[in-house]
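What follows is each chain in one-letter form.
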Amino acid sequence: MERSLRVATDYRGCLICHVLDKDESDFMAELQYRTIKEEKVRQDVVSSNGYCNFHFHQMARMASPMGNAVLTKDLIDAEIKEIERGSFGPTLRIDCLVCKYVDEREEFYVKEFKALLSEKSFQKEYEATDGLCQIHLRRVLNLLKENELSHFLLTTQLMHMKLLKHGLQVFISKIRSTRRDMGDEKDSWLVAIEKMVGKKGLRQG
Ligand SMILES: [Zn+2]
Ligand SMILES: [Zn+2]
């Protein structure tokens, strides 16, 4: 399951978002399998109060109806006991295991990116990508503070933004002129959205 950002330079969009998305899917697939097979894992999920809204719906799509029924029955059971004991509180506390895992991996990749940046060969590879999303760019810049690597990162970001803007302009003018010979720019609006907010479901706190 261990990934490195080095494998992500061939894909469109933010490198960190890309590997994070893969890690998250792998983790969820394994977790949903283990919650059915292993009582202890299911109890961990129950004591975390299930998953956050986003991940619960994602997990439900991955799991079988039976798997969903077994887990939700345990969660409902726990809440019934809470009400009966009189310990049902007004604050909903969900310690989503998937969010926790994604946060840890994100931390790891931000640091890995910072370390890779000092390699000239990686800088070259990075220039040829779409660059980082706004969220991850700022996370890395916060680690770098003021130095020449942050200058490189901002110069490259400017280049990536200008290329993306050009791609969007080409896309818009092709649609307006009803031309359908789309090249790389066909995904430009999707890359632009990810550039602004990161991958789907990324926490920005
Ligand atoms: Zn990102
Ligand atoms: Zn979550």
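None of the values given here were measured: they were computed from a predicted structure.

Turning next to unusual backbone geometry. Note: most peptide bonds trans; most residues except glycine with negative phi. Phi at Asn49 takes a positive value of approximately 70°, unusual for a residue other than glycine. If you trace the backbone, Asn49 turns up in the loop between helix H2 (39-47) and helix H3 (53-62). Residue classification places Asn49 among the partly exposed positions, given a relative accessible area of 34%.

In this section: helix H4 (residues 65-85). For H4, with 21 residues, the first-to-last C-alpha span of 30 Å sits near the 30 Å given by 1.5 Å per residue. Taken together, the buried positions of H4 are Gly67, Leu71, Asp74 and Leu75. The buried residues of H4 occupy an angular sector of 90° when the element is viewed end-on, so they sit on one face. The exposed set on the far side of H4, more than 90 degrees from its buried face, consists of Pro65, Met66, Lys73, Ile76, Ile83 and Glu84. Next to the buried residues of H4 lie helix H1 (15-37), H2 and H3. A positive phi of about 80° marks Gly86, the residue just after H4.

In this structure the tally under the stated criterion is two cavities of 30 Å³ or more. Taken together, Gln32, Thr35, Ile36, Tyr51, Phe56, Met59, Ala60, Ala63, Gly67, Asn68 and Leu71 form the lining of the largest cavity. Elements that contribute at least two residues to the lining of the largest cavity include exactly H1, H3 and H4. Of the residues assigned to the lining of the largest cavity, the class counts are seven nonpolar, four polar and no charged. Here the second largest cavity is characterised by a volume of approximately 60 Å³.

Each protein donor to the zinc ion (ligand 2) is listed here as Cys52 (SG), His55 (ND1), Cys96 (SG) and Cys99 (SG); together their distances run 2.0 to 2.4 Å. Geometry at the zinc ion (ligand 2) is tetrahedral, judged from the four donor atoms that bind it and their angles of 101 to 117° at the metal. Counting residues between consecutive donors of the zinc ion (ligand 2) along the chain gives the motif C-x2-H-x40-C-x2-C. With Cys52 in the loop between H2 and H3 and Cys99 in helix H5 (residues 97-116), this pair connects stretches of sequence that are 47 residues apart. Assessed through its relative accessible area of 18%, Cys52 is described here as buried. Cys99 gets classed as buried once you look at its relative accessible area, which sits at 7%.

Calculation rules
Residues numbered from 1 in each chain as written. Chains lettered and ligands numbered in written order. Predicted model: local features only at pLDDT ≥ 70, side-chain atom pairs only at ≥ 80, totals over all residues. Heavy atoms only, no water. Helix = DSSP H or I, 4+ residues; strand = E, 2+ residues; numbered from the N terminus. Buried < 20%, exposed > 50% of the residue type's maximum accessible area, 1.4 Å probe, protein only. Expected span 1.5 Å × (residues − 1). Arc of directions from axis to C-beta. Contact = heavy atoms within 4.5 Å. 1 Å grid on protein atoms, 1.4 Å probe; cavity = no way out; pocket = protein on both sides within 12 Å on 5 of 7 lines; lining within 4 Å. Points joined across faces, edges and corners; volume = space filled by probe spheres on them. Nonpolar A, V, L, I, M, F, W, Y, C, P; charged D, E, K, R; others polar. Donors = N, O, S within 2.8 Å, 3.2 Å for Na, K, Ca; no water. Tetrahedral: all angles 85-135°; square planar, octahedral: opposite > 155°, others 65-115°.

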